[in-house]
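# What the coordinates show
Listed below are the residues making up each chain.
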Amino acid sequence: MQQYDVLIVGAGASGLMCAATAGYRGRSVLVIEHTKKIGRKILMSGGGRCNFTNIHNGPANFISANPHFCKSALSRYSAQDFIELVDRHGIEYHEKTLGQLFCNESSKEILQLLLTECDWAGVTLQTETEVKGIEQVEGGYQIETSKGPIRCESLVIATGGLSIPNGGATAFAFDVAEQFGMKVLERRAALVPFTLQPQELEHFKPLSGISHDPVEISYGKTTFKESMLFTHRGLSGPAVLQISSYWEPGKAVTVNLFPELDLLEWLKEQREARPKAEIKTVLATLMTKRLVQTFCEIWAIDGTLGQCSNEKLNAIADQFHHWQVKPSGTEGYRTAEVTLGGIDTNEVSQKTFEAKKAPGIYFIGECLDVTGHLGGHNFQWAWASGFCAGQAV
């Protein structure tokens, strides 16, 4: 039987971070992964460039039933701490927008950084190893796997959430939590594209691949200002992914297509300067011609500016500033970047991530009810929770 101080299930961002941290403390560490490939989500992220953190990261960038839970870990392992690690490994990176940091070359560099750290820390990695059962024994836990039993003092569950199942995602962490009597909150896909009702999709499907930047998209009191992309299923792009984490099924979101312009005043100026110009022609200076044509068709906007009263211009401006979109749903876990909800944070220590009902078991990363905004925040949560657990196991 294999025996280790620490067994980590899941060789993703949080698991590898935890492994290296524990290994450097002199603990014997084994990381097991049920797939062939280590760090698949790291490799897929950021279009293959890995948006590994965000320089503006803080508790306000996370959604949780307990918004205070993430504060301790984020303060103990900050974005700057990870940036320093990236610098030590000589990885070149750049800031894209809103504090998002990406590798200049490839996401493989971040995975290699973690594997190098694990190697230096004396960590053992084992792939294609499936967990069959977990049992509490004297001095720790015994884990039955497809490659035989393993005993450990500390067991870390770092298997992520339900997003991107073809990347190896499973409900494993939630099943383990429930096995030990822990509360698991309702889960759903987050940072995910919207799908549209068939009648609306008929108008917008031909626009697939066209983006508009920026838009301001709102739901309740939450607003994001970024770009929006039309897809063959509905709407995507950073603004849409962000608001999807807050949206509730059956409700509408409001899209301001010109957040940086007072469209009514602008249309009045254009009417003064170009009374004979078609409304469509004038609007086509603000967004692509195909977008203008589609919206003008839907809202029955036609004629010249000179034919428009102030009242009519006000109605046109209002439609572009307050476009109401009622999604039919989302694309689901297949394309979602993260899982909203998960293991109730009241069930684990905010300092060590140890389960209160199962001493010796730790839960880190995406499986917890802590969901970051788009832009490197979820990776920062993986690094911070992995580091803090690694200091305790």
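All values derive from a computational prediction rather than experimental measurement. Residue positions are given per chain, counting from 1 as you read along its sequence in written order. pLDDT decides what is reported in this predicted model: residues at 70 or higher carry local features, side-chain atom pairs at 80 or more are listed and counted, and totals for whole chains, interfaces and linings draw on all residues regardless. Only hydrogens and water are set aside; all other atoms, that is, all heavy atoms of the structure, feed into the side-chain values.

### Here we look at the pairing of strand S14 (residues 222-230)
We apply this condition: DSSP calls a pair of strands paired once it identifies at least 2 bridges connecting them. Helix numbering and strand numbering both begin at the N terminus, where a helix is a DSSP run of H or I of at least 4 residues and a strand a DSSP run of E of at least 2.
Of the pairings in the sheet, the one linking strand S13 (residues 211-219) to S14 comprises seven bridges and is antiparallel in character. Counterpart to Ser211 in the pairing with S14 is Leu229. Here S13 folds back onto S14 in antiparallel fashion, the turn holding two residues, of which Gly220 has a positive phi close to 60°. Here S14 runs beside strand S15 (residues 234-236); their pairing, made up of two bridges, is antiparallel. In the strand pairing of S15, Phe230 is matched with Leu235. Linking two consecutive strands that pair antiparallel, namely S14 and S15, is a turn of three residues.

### Here we look at the sheet that holds S15
Strand order across the open sheet formed by seven strands is S17-S16-S13-S14-S15-S12-S18, with antiparallel pairing between neighbours. Because the sheet does not close on itself, it has two edges, and the strands there are strand S17 (323-325) and strand S18 (329-330). With three bridges connecting them, S13 and strand S16 (residues 253-256) associate as antiparallel partners. Bridged to Glu216 within S16 is Asn256.

### Side note on the sheet that holds strand S6 (residues 100-103)
We apply this condition: Between N-to-C directions, angles cover 0 to 180 degrees, with each direction set by a line fitted to C-alpha atoms, over the stretch in contact for helices.
A sheet is described by the order of its strands in space; here three strands give the open sequence S3-S6-S5, paired in antiparallel fashion. One side of each edge strand has no neighbouring strand; the edge strands of this open sheet are strand S3 (51-54) and strand S5 (93-95). In this sheet, neighbouring strand axes are inclined to one another by 30° on average, regardless of whether the strands run parallel or antiparallel. As defined by bridge partners, S3 adjoins S6 across three bridges and the pair is classed as antiparallel. Of the residues in S6, the one forming a bridge with Thr53 is Leu101.

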